[in-house]
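Chain residues, written in single-letter form:
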Amino acid sequence: MAVSALLRVLRHRGVLYNGRRWLSGKDRGEINTLLEEAYTDQNEEEAESHRAGRRSSTETTVLLFPGQGSQAVGMAGGLLMYPSVREMFLTAHKVLGYDLLNLCLQGPAEVLNKTIHCQPAMFVTCMAATEKLTQENPAALENCVAVAGFSVGEFAALVCAGALEFTEALYAVKVRAEAMQKASEAVQSGMLSVIGNFKTKYSTACAEAHDHCLTLGIKDPVCEVANYLFPNGKVIAGHMEAIRFLQNNSHKYNFLRTKLLPVSGAFHTRLMEPAVEPLAEALKGLTFKAPIVSVYCNVDGRKYKQSQGIAHLLVNQLVSPVKWEQIMHNIYERKKGKDFPQTFELGPGQQMGTVLKSCNLKAWRSYTQVDVFEKDSEVD
């Protein structure tokens, strides 16, 4: 059975949400058998050819999921009328032990912005946005050929691609958020968004900030690129003394603009090493499936090749820089004159769209943001 045909069957039977699996207990075994049969009959190249074949590039879609930093009070308010969204938040209440929906809708912002709350909030809101897209533009899910998520958004991408169940992913995100919050509180650290130019030497800047920390008596200081966003756009993370040094010497390093990010720690650096073991333990108990569509990995910018390596790379992601610029190049690279797919950003804000515009202006022209905020009516 072709993968796309399988999706249509599952949706008809009412066991899908977000164009992916929302399994009832009795159907789980049968559906997993069907999925395995689908991938026995079609290897990765054949499956991708089937998805893209008979359709122009403009008919295919790419789904992008933002990460921590895009959140805002009121998010998910515009999604509650769609099927399964309230069920997602009820599940989140049970898994997390607090009312995530109320936190998303009412805040306060200082509580929502905490890593321990923000990551689950982003994950569930991104999945709820996918339900909106499913209802308003089902072809966008049916014609999807690639997904990618920034940092915690990678969990949403994996669920959307059928590689991981929603509840299991939410549990992993909960453990991840708690462990990263704890690691952040252990060392005063932060992240600095930097826009440079062709003269900017990020490695020199980080090395001199590192040496500055040594003169202050900081043992084993950290200052390194944590996010590769777009050409001349990066995020540097590390000890707060290093971050302040870079801000104060931005002219010396040809930084055109710097901005301290509203996060509590140096994510995607070795300062997150205390979070590695808790997340690894949580992921051991989860079941990963072969993705139905291509999922691009933050650690190396390439597609996941098999389900067995997903957990390992999700753990490595904690202490490795996010290679988002490389992901954008890999997804949108094509021969001259070939059309670009439609791109949808699923979650609050338009940060992934902004980055896409800087990476590939032609691809950005086919970009749409799926709004998650309430517009005119009051929240029910």
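As recorded in an unreviewed UniProt entry, the chain goes by the name Malonyl-CoA:ACP transacylase (MAT) domain-containing protein, listed as coming from Staurois parvus. Per UniProt, the chain carries the Catalytic activity (unreviewed entry) text "holo-[ACP] + malonyl-CoA = malonyl-[ACP] + CoA".

Here the focus is the overall build of the chain. Across its full length, the chain carries 17 helices and 12 strands. For the chain, with 380 residues in total, the buried portion stands at 57%. Taking the intrachain contacts of the chain between residues at least 6 apart in sequence as the baseline, contacts between residues at least 24 apart amount to 77%. Only carbon and sulfur atoms are counted for the fraction: they give 50% of the accessible area of the chain, which is about 16,600 Å².

Quick look at the nonpolar core now. Within the largest apolar cluster, 103 residues are counted, with the highest numbers of intra-cluster contacts made by L63, F123, V147, L283 and W324. Sequence-distant contacts of W324, that is, excluding residues within four places in its chain, are made with L64, A148, G149, F150, Y228, L229, N298, M352 and V355. Within the second largest apolar cluster, 18 residues are counted, among which are L192, V194, M240 and A242.

Let us now look at the side chain of S184. Along the chain, S184 falls in helix 10 (residues 166–186). The residues touching S184, leaving out its near neighbours within four places in the chain, are S264, G265, F267 and M272.

Here the structure, examined in full by the defined rule, presents 0 disulfides. With no disulfide of its own, C213 lies closest to C223 among cysteine sulfurs, the gap being 7.0 Å. Counting only cysteine sulfurs, C206 is the nearest neighbor of C223, a cysteine outside any disulfide, at a range of 4.0 Å. Given the relative accessible area of 10%, C223 is considered buried.

We now examine unusual backbone geometry. For the peptide bond that leads from G107 to P108, omega is 5°, which places it in the cis range. With respect to the secondary-structure elements, P108 resides in the loop between helix 5 (100–106) and helix 6 (109–112). A positive phi angle, close to 55°, is found at S151, a residue other than glycine. Among the secondary structure elements, S151 is positioned in the loop between strand 4 (144–149) and helix 9 (153–160). By relative accessible area, S151 is classed as buried at 9%. Within the chain, D220 stands out as a residue other than glycine whose phi angle is a positive 50°.

Its 12 residues give helix 4 (residues 85–96) an end-to-end C-alpha distance of 16 Å, which sits within 8% of 16 Å, the value for a rise of 1.5 Å per residue. The set of residues buried in helix 4 consists of V85, M88, F89, T91, A92 and L96. Looking straight down helix 4, one finds its buried side chains confined to an arc of 155°; they lie on one side. More than 90 degrees from the buried face of helix 4, the exposed residues found are L90 and K94. G97 occupies a position one or two residues after helix 4 and carries a positive phi of about 90°.

Another point: the pairing of strand 4. Of all 6 residues making up strand 4, 6 are buried, and the element is well covered by its neighbours. By the bridge criterion, 5 bridges tie strand 3 (residues 61–65) to strand 4 in an arrangement that is parallel. Its bridge partner lying in strand 4, T61 is registered against C144. Strand direction decides the pairing type here: strand 4 and strand 9 (residues 294–296), joined by 3 bridges, are parallel. Counted as the bridge partner of V147 is V295 from strand 9.

Turning our attention to the sheet that holds strand 6 (residues 223–230). If you walk across this open sheet you meet the 5 strands as 8-5-7-6-10, and the pairing is mixed. Both edges of this open sheet fall to strand 8 (257–260) and strand 10 (322–323), since each of them pairs with a single strand only. In this structure, strand 5 (residues 189–195) lies alongside strand 7 (residues 233–239), joined through 7 bridges in antiparallel fashion. Residue pairing across strands places L192 opposite I236, the latter belonging to strand 7. Lying on the sheet, helix 11 (residues 202–215) is in contact with strand 5, strand 6 and strand 7; it crosses strand 6 at an angle near 150°.

Conventions and cut-offs
- Residues numbered from 1 in each chain as written.
- Predicted model: local features only at pLDDT ≥ 70, side-chain atom pairs only at ≥ 80, totals over all residues.
- Heavy atoms only, no water.
- UniProt positions renumbered as here; feature names shortened; annotations may be inferred.
- Helix = DSSP H or I, 4+ residues; strand = E, 2+ residues; numbered from the N terminus.
- Buried < 20%, exposed > 50% of the residue type's maximum accessible area, 1.4 Å probe, protein only.
- Contact = heavy atoms within 4.5 Å.
- Areas by Shrake-Rupley, 256 points an atom, 1.4 Å probe, with all protein chains shown as cover.
- Core = buried A, V, L, I, M, F, W, Y, C linked by side-chain atoms within 4.5 Å.
- Disulfide = S-S within 2.5 Å.
- Expected span 1.5 Å × (residues − 1).
- Arc of directions from axis to C-beta.
- Pairing = 2+ DSSP bridges.
- Axes fitted to C-alpha atoms, helices over the stretch in contact; angles between N-to-C directions.

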